[in-house]
Amino acid sequence: MAGFSDIIGHKQIIEHLQKAIAYGKVSHAYIFNGPEKSGKRMLAEAFAMTLQCEGKQDNPCLECHSCKQAQSHNQPDIIYLTHEKPATISVDDIRRQVNNDIAIKPYASPYKVYIIDEAEKMNVQAQNALLKTIEEPPAYGIILLLTTNADTFLPTILSRCITLNLKAVPDAEIKAHLMKAYQIPDYQADVCVAFAQGNVGKAIQLAGNEDFIELKNSALQLLKRIKDIELYEMMEAVKQISQYKLQINDYFDLLMIWYRDVLLYKATADINSLIFKDEVYDIKKQANISSYSGIETILEALEKAKLRLNANVNFDLVMELLLLNMKEN
């Protein structure tokens, strides 16, 4: 568990939470809304830890008894809701772990903070049960709802919570963090950042992910030899790609980033703007033999292939059509 100063990006949200603490204007209910791995949990935990910190600053001291307990997830007044059914947070979960528990005063802190992760999994009955507590909370009660989709909440819940929408973190901030914290070269950081699209957690996950590195190498290998693949070898190429069926969207994204690099180099001859900087030799080669319309056709074919697979069209057929398109253009 980290303090606010350890969080990459989300400066406006951090400022809002710190001001609420400093001016004694802390709300009883917050919604942290953002994609998976975007930093919702880090923000909620830093907020909870700061609220309970014995130093009473706008950043947790990380040294007091409360902060140390929070860091090991043993702070008795920071409560994490758990649910047995993976797909649902039930009315029983809310009643037992929030409604009944909140009636008991804090054990040793100024607040009782409830962190409800994957809050979009609350069914309507669970939301209605929680609403009663949000409408009439005790002075010490604070509920933090973490969700990937705030639109699933009842309008009555939304109207009684402060919603904090997590925005994409600038690429430069994520890149600098990856290079400093994970000691990876800039060209590898560029690929992770391009993929993460402003999501710090995803970028960090990719930075040390051997499977992703293998996926990237496989995609690049295909791209470099696509012109030389004979028609009778197509099925073998499709078979190789089918090993990555579960990661096929990532595979397509790698191909798209490559062709966008080719398009960019063809238009500007600027290698500094490329994502695959370490592949500049092959990108130059591809740019020289490709037309603008040919590259655009391939990018459109990649989008179509994604849509076809989402519509459950036969995998081998989709991939064969895509490879033929890539070869011809």
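Our structure's up above, just so we're on the same page.
Residues numbered from 1 in each chain as written. Predicted model: local features only at pLDDT ≥ 70, side-chain atom pairs only at ≥ 80, totals over all residues. Heavy atoms only, no water.

**Quick notes on the overall build of the protein chain**
- In terms of regular secondary structure, the protein chain is built from 15 helices and five strands.
- Principal axes of the C-alpha set define a box for the protein chain whose edges measure 75 × 40 × 30 Å.
- Looking at the 329 residues of the protein chain, the share that counts as buried comes to 47%.
- Across the protein chain, the fraction of contacts at a sequence separation of at least 24, relative to all contacts at a separation of at least 6, is 72%. (Helix = DSSP H or I, 4+ residues; strand = E, 2+ residues; numbered from the N terminus. Buried < 20%, exposed > 50% of the residue type's maximum accessible area, 1.4 Å probe, protein only. Contact = heavy atoms within 4.5 Å.)

**Observations regarding helix α2 (residues 40-52)**
- Between its first and last C-alpha atoms α2 spans 19 Å; for 13 residues at 1.5 Å apiece the expected length is 18 Å, and the two agree.
- Extensive coverage of α2 is indicated by the burial of 11 of its 13 residues.
- Listing the buried residues of α2 in full gives K40, L43, A44, E45, A46, F47, A48, M49, T50, L51 and Q52. (Expected span 1.5 Å × (residues − 1).)

**Some remarks on the pairing of strand β4 (residues 141-147)**
- Judged by how many residues are buried, β4 sits mostly within the fold: seven of seven residues are covered.
- The two faces of β4 match: G141, I143, L145 and T147 on one face and I142, L144 and L146 on the other face are all buried.
- Relative to β4, strand β1 (residues 29-33) is paired through five bridges, and the arrangement is parallel. Looking across to β4, one finds that F32 is bridged to L146.
- Here five bridges tie strand β3 (residues 112-116) to β4, and the two strands are oriented parallel to one another. (Pairing = 2+ DSSP bridges.)

**Thoughts on the pattern of salt bridges**
- According to the stated counting rule, one finds 14 salt bridges in the structure shown.
- Between E36 and K37 there is a salt bridge, with the nearest N and O atoms lying 3.8 Å from each other.
- Between K112 and D101 there is a salt bridge, with its nearest N and O atoms 3.0 Å apart. Placement of K112 in strand β3 and of D101 in the loop between α4 (91-99) and β3 is noted, with a sequence separation of 11 residues between them. (Salt bridge = Lys/Arg side-chain N within 4 Å of Asp/Glu carboxyl O.)

**A word on the sheet that holds β1**
- Judged by pairing direction, the sheet is parallel, and its five strands sit side by side in the order β2-β3-β4-β1-β5 without closing on themselves. Each of the sheet's edge strands pairs with one partner strand only, and the pair in question is β2 (78-80) and β5 (162-165). Averaged over all adjacent pairs, the angle separating strand axes in this sheet is 20°, with direction ignored.
- Pairing geometry for β2 and β3, over three bridges, is parallel. Counterpart to I79 in the pairing with β3 is Y114.
- Set on the sheet, helix α5 (residues 124-135) makes contact with β1, β3 and β4; between it and β4 the angle comes to about 140°. (Axes fitted to C-alpha atoms, helices over the stretch in contact; angles between N-to-C directions.)

**Side note on the packing of aromatic side chains**
- Under the criterion given, the structure shown has four aromatic pairs.
- Between F195 and F212 the ring centres are 5.0 Å apart and the planes differ by 70°, which places this aromatic pair in the edge-to-face class. Of this pair, F195 sits in helix α8 (residues 186-196) while F212 sits in helix α10 (residues 210-225); the two residues are 17 residues apart in sequence, bridging distant segments of the chain.
- Note on F212: relative accessible area 5%, which makes it buried.
- Between Y244 and Y251, the ring centres sit 5.9 Å apart and the planes meet at 20°, which makes this aromatic pair stacked. The pair formed by Y244 and Y251 is uniform in burial state, with each residue classed as buried.
- Above the plane of the ring of Y292 lies K266, whose end atom (NZ or CZ) is 5.5 Å from the centre. (Phe/Tyr/Trp six-rings, centres within 6.5 Å; stacked < 30°, edge-to-face > 60°. Lys NZ or Arg CZ within 6 Å of the ring centre and 35° of its normal.)

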